[in-house]
Amino acid sequence: MISADFNNDGNQDLILNNSNSGLYIFFGNGDGSFEQQAIDHYPDRTITGKAAADLNNDGYADLVTGDSRGAVSILFNHGGTGFELPAEFEKIYNGNIYSLDTGDINGDGYTDILFSMVNGDTYIMYGTTGSLFGPAVQVPSFVTGNRPSYSISDVNGDGIIDLMAAQYFPSEIYWFEGQGDGTFKDPVNIPTDTYYATAVKVSGTRTGPDVIANAGIPEKIEGMKFQFTWNTGSTFEGDYFVETIIYNTALNPVARKTVPITITASEGIESGIVTDRLSYDPNESAEITSTVSNTGVNRIYDNITATVSIVNPDGQTLFTEDIIIGLLLPSSDYSFKSYWNTAANPSGNYPVTLEVKDASGNLLSTVINNLTISSAVAPSTHLLGRISVDKQSILQGEPVVVNYSVSNIGNIDLSQVALSIPVLHVVELTAYDALTDQASLLMGDTYANTRQITTESYTAKDYLVVLRADISGVEETLASTYFRVEGAPSVSSLNWPIHGEDVETPVPELIVNNASDPNDDKLTYEFELYTDSTMTTLLASESGISGGENTTSWSVPFELEENQMYVWRVRAFDGLLYGDWMPPAAFRVNVQNDLPDAPILSGPVDGSEADSLTPVLSINNASDPDSSVLTYNFEVALDIDFTIIAASETGIAEGDGTTSWQVNVALI
């Protein structure tokens, strides 16, 4: 509670709050009565410190609050009729504010705010101009321990702000004489016999009748009673002292009275325990979450022990775990997780107990919840299966040896467990074979066997081998493995150059369309280049060429001869098997167009006579290094220099070995 004349009517007013976040002002009427009015504040936090000061120099005292969220807020006085909504100026995120006061600590003419946290941290917000403050600056605590309380005032009347500080435990009270620059002299210890020291500042104006004494004649002054109400709220349990001090008009103490009071503990430990599932199968891990709550408001529990235990229906303890909770503050929770494997315990309900005891072993709380182990039987929960093959890469026709085993890891004996081992297509899951077996297993027993799969009818692909079990009509997969029947890649097809085609470069790039692989293996390619059609003379080759997206190419590593025919082929390789060779393809290098040689006269022979005016002229065909298809131009002249042409024709198609042309005009 704080007091000040908030509406400037000359009467002292009071501001107090309760533990439920309520904040109220009581306007004094001057006759000992008050009028109550609520003050709007944050509803989700408890006010733990208050001070009054005119922060914006408007002539009205404003209200500064500290709260349980670590925030310092200012409520500006609205002309004496109430307060504006709180403005949060600072927030410290490490706990509750415990004490708060205002004053010009550094003597610069601006009001400063001094506040402390429950953990002992101390901060100053230095005033700047008007209603503004700088950020909170942490300063060394003036006292040791937690919950320090401070009061700012001119204690010795020298006009300089001093600081009074109370240390909660061990109980100490100190006076720090101010030096006017924000620093203080060494503290002076004020003796006290209180057990826990807290600072309480009460100011007010006497409201009774004036007493005027006649000099030299004693007068009997009628006794007066004052009543102050203080709600202990969340003040910690323990022994306290209430002290009343009477001051004269010079503000010197003239009487003092101290009486002890005891704040009892608001005790309350509650606990809860839950599991992550409603029921469990054998060999499953149960997650158990335990929560311990301090529902009291003023007692701190330290070094309490939380014990989680599980017993079977016969009362035998199967699991126990102790957790030490070092500190449990009021209105706080502590949660932790425990894990227990159901193993091969029989089906039924298993009580899970959480006991909470204090450091002396006194029981504070107990709660019990049931953990259920299901009676349902399924292969996946009661059997452990293993399966393997002797080799995972085979050629068609090679046998595959399958080794498999099943173990009873459940909580009952099993008889006539039907086993099956289907062989499936990895993608389509089409069944190719199915081996069958049967086993009876006591708890903890294992059955193992070996079978063989023949693969004569298996084509190249991957096959899944599955171990399945059936218990009372419930069939489930226990384990699986696979093997692969290897297959060679397909034959690549010719892309360029086309068979028999000329290439116009001495270093051609040979291209094939990619092969495919039945096992979808990554393929490489091998190229070979020969100088003869029988492929006996190998000119160049290269293997391990990575396939392209759709085609694969290889550049001849050196220049080839002009007008020379070459033969090449390609095959694919999947890392294990080669595909067949592509049919050989031939090409000729023809970079330049060479001239054909001259044809040879066949008939009539040179100098002979023709018996026809339109004789037939014949030649033995010429040869050409670039082409086997030639045409011929014939001319007949009247002179040896062929200046006077008598007849001619061009583009005569070549005959078989010889080419003929009949003169197309009658010669003279």
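Model, not experiment: these values are computed from the prediction. (Residues numbered from 1 in each chain as written. Predicted model: local features only at pLDDT ≥ 70, side-chain atom pairs only at ≥ 80, totals over all residues. Heavy atoms only, no water.)

Would you take a moment to explain the overall build of the chain for this structure?
Summing up its helical and strand segments, the chain has one helix and 47 strands in all. Scaling as 2.2 N^0.38, a compact globule of 668 residues should have a C-alpha radius of gyration of about 26 Å, whereas the chain reaches 54 Å, well beyond that. Out of the 668 residues belonging to the chain, those deemed buried represent 37%. When contacts within the chain are restricted to residue pairs at least 6 apart in sequence, long-range pairs at least 24 apart make up 53% of them. Of the roughly 36,200 Å² of accessible surface on the chain, a fraction of 50% belongs to carbon and sulfur atoms. One finds the centroid of the 26 positive side-chain charges in the chain at a distance of 20 Å from the centroid of its 89 negative side-chain charges. (Helix = DSSP H or I, 4+ residues; strand = E, 2+ residues; numbered from the N terminus. Rg over C-alpha atoms; globule rule 2.2 N^0.38 Å. Buried < 20%, exposed > 50% of the residue type's maximum accessible area, 1.4 Å probe, protein only. Contact = heavy atoms within 4.5 Å. Areas by Shrake-Rupley, 256 points an atom, 1.4 Å probe, with all protein chains shown as cover. Lys, Arg positive; Asp, Glu negative; His and termini not counted. Charge placed at Lys NZ, Arg CZ, Asp CG, Glu CD.)

What's the story with the sheet that holds strand β40 (residues 551-555) in this structure? I'm lost.
Taken together, three strands build an open sheet; the order of strands is β35-β37-β40 and the sheet is antiparallel. The two strands at the open ends of the sheet, each matched to only one other strand, are β35 (493-496) and β40. On average, each strand axis in the sheet is inclined to that of its neighbour by 30°, with strand direction left out of account. As judged from the five bridges shared by strand β37 (residues 509-513) and β40, these two strands associate in the antiparallel manner. If you follow L510 over to β40, its bridge partner there is W554. (Pairing = 2+ DSSP bridges. Axes fitted to C-alpha atoms, helices over the stretch in contact; angles between N-to-C directions.)

I would appreciate a short explanation of the side chain of H41 in the present structure.
Position of H41 among the secondary structure elements: in the loop between β4 (34-38) and β5 (47-53). By relative accessible area, H41 is classed as buried at 13%. Among the polar contacts listed, one links the side chain of H41 to the side chain of T65, at a separation of 3.1 Å. Beyond its immediate stretch of four places on either side in the chain, H41 contacts L23, I47, T65, D67, L75 and P86. (Polar contact = N/O pair within 3.5 Å; in protein donor to acceptor, adjacent residues only side chain to side chain.)

Please explain the packing of aromatic side chains as it appears in this structure.
Within a pair of aromatic rings, the relevant descriptors are the distance that separates the centres and the angle that separates the planes. Enumeration over the complete set of coordinates arrives at 18 aromatic pairs. A ring pair is formed by F527 and W554, whose centres lie 5.6 Å apart and whose planes are at 35°; its orientation type is tilted. Placement of F527 in strand β38 (residues 524-530) and of W554 in strand β40 is noted, with a sequence separation of 27 residues between them. Just as F527 is buried, W554 falls in that class too. By way of ring pairs, the aromatic residues F142, Y150, Y174, F176 and F184 are connected into one cluster. Above the ring of W581, the side-chain terminus of R569 is found at 4.0 Å from the ring centroid. (Phe/Tyr/Trp six-rings, centres within 6.5 Å; stacked < 30°, edge-to-face > 60°. Lys NZ or Arg CZ within 6 Å of the ring centre and 35° of its normal.)

Please clarify how the nonpolar core should be interpreted in this entry.
Ranked by internal contacts, the top residues of the largest apolar core, which has 27 residues, are L383, I387, I453 and F483. For this core, the secondary structure elements donating two or more residues are β27 (383-389), β29 (400-408), β30 (414-425), β31 (431-441), β33 (461-471) and β34 (474-486). With residues up to four places along the chain from it excluded, the contact list for L383 reads S407, N408, I409, L414, V417, L441, A469, I471 and L478. (Core = buried A, V, L, I, M, F, W, Y, C linked by side-chain atoms within 4.5 Å.)

When you look at the sheet that holds strand β16 (residues 188-190) in this model, what are you seeing that I'm missing?
Strand pairs in the sheet, formed through backbone hydrogen bonds, run parallel or antiparallel to each other. Spatially, four strands are ordered β13-β14-β15-β16 in an open sheet, and the strand pairing comes out antiparallel. Of all strands in the sheet, those bounded by a partner on one side alone are β13 (149-153) and β16. On average, each strand axis in the sheet is inclined to that of its neighbour by 25°, with strand direction left out of account.

Could you clarify how one ought to interpret the confidence of the model for the chain in this entry?
Caution is warranted with low-pLDDT regions, since their predicted coordinates should not be read in detail. Looking at the chain as a whole, the pLDDT averages 87, with 93% of positions reaching at least 70. Segment residues 199-221: pLDDT under 50, and 20 contacts once partners within four positions in sequence are set aside and those in other chains are kept. (pLDDT = per-residue confidence, 0-100.)

Just checking my understanding: could you explain the environment of T122 for this structure?
You can see T122 is positioned in strand β11 (residues 122-125). Taking the C-alpha atoms as reference points, T122 and S493, separated by 371 residues in sequence, lie 86 Å from one another. Within the structure, the side chain of T122 is placed 3.4 Å from the backbone oxygen of G120, a separation counted as a polar contact.

How should the pattern of salt bridges be read in this particular structure?
Side-chain pairs of opposite charge can arise whenever the charged atoms involved come near each other. A complete count under the given rule lists eleven salt bridges for this structure. Linking R588 and D502 is a salt bridge whose minimum nitrogen-to-oxygen distance equals 2.9 Å. Of the two residues, R588 is situated in strand β42 (residues 585-589) and D502 in strand β36 (residues 501-503); the sequence distance between them amounts to 86 residues. Close ionic contact of R571 with E526 constitutes a salt bridge, the shortest N to O distance being 2.9 Å. Linking R571 in strand β41 (residues 565-573) with E526 in strand β38, this pair joins segments that are 45 residues apart in sequence. Judged by relative accessible area, E526 falls into the buried class, the value being 13%. Salt bridges here are not isolated pairs; linked through shared partners, they connect D462, R484 and D521. (Salt bridge = Lys/Arg side-chain N within 4 Å of Asp/Glu carboxyl O.)

What is the right way to read unusual backbone geometry from this model?
The bulk of non-glycine residues show a negative phi, and the bulk of peptide bonds are trans. Between W496 and P497 the backbone carries a cis peptide bond, its omega angle lying at -5°. Cis geometry marks the peptide bond from G603 to P604; its omega dihedral reads -5°. Looking at where P604 falls in the secondary structure, it is placed in the loop between β43 (600-603) and β44 (616-620). We note that D520 has phi near 55°; this positive angle belongs to a residue other than glycine. Mapped onto the elements of the fold, D520 is located in the loop between β37 and β38. A positive phi is found at M535, a non-glycine position, where the angle reads about 55°. Along the chain, M535 falls in the loop between β38 and β39 (538-546).

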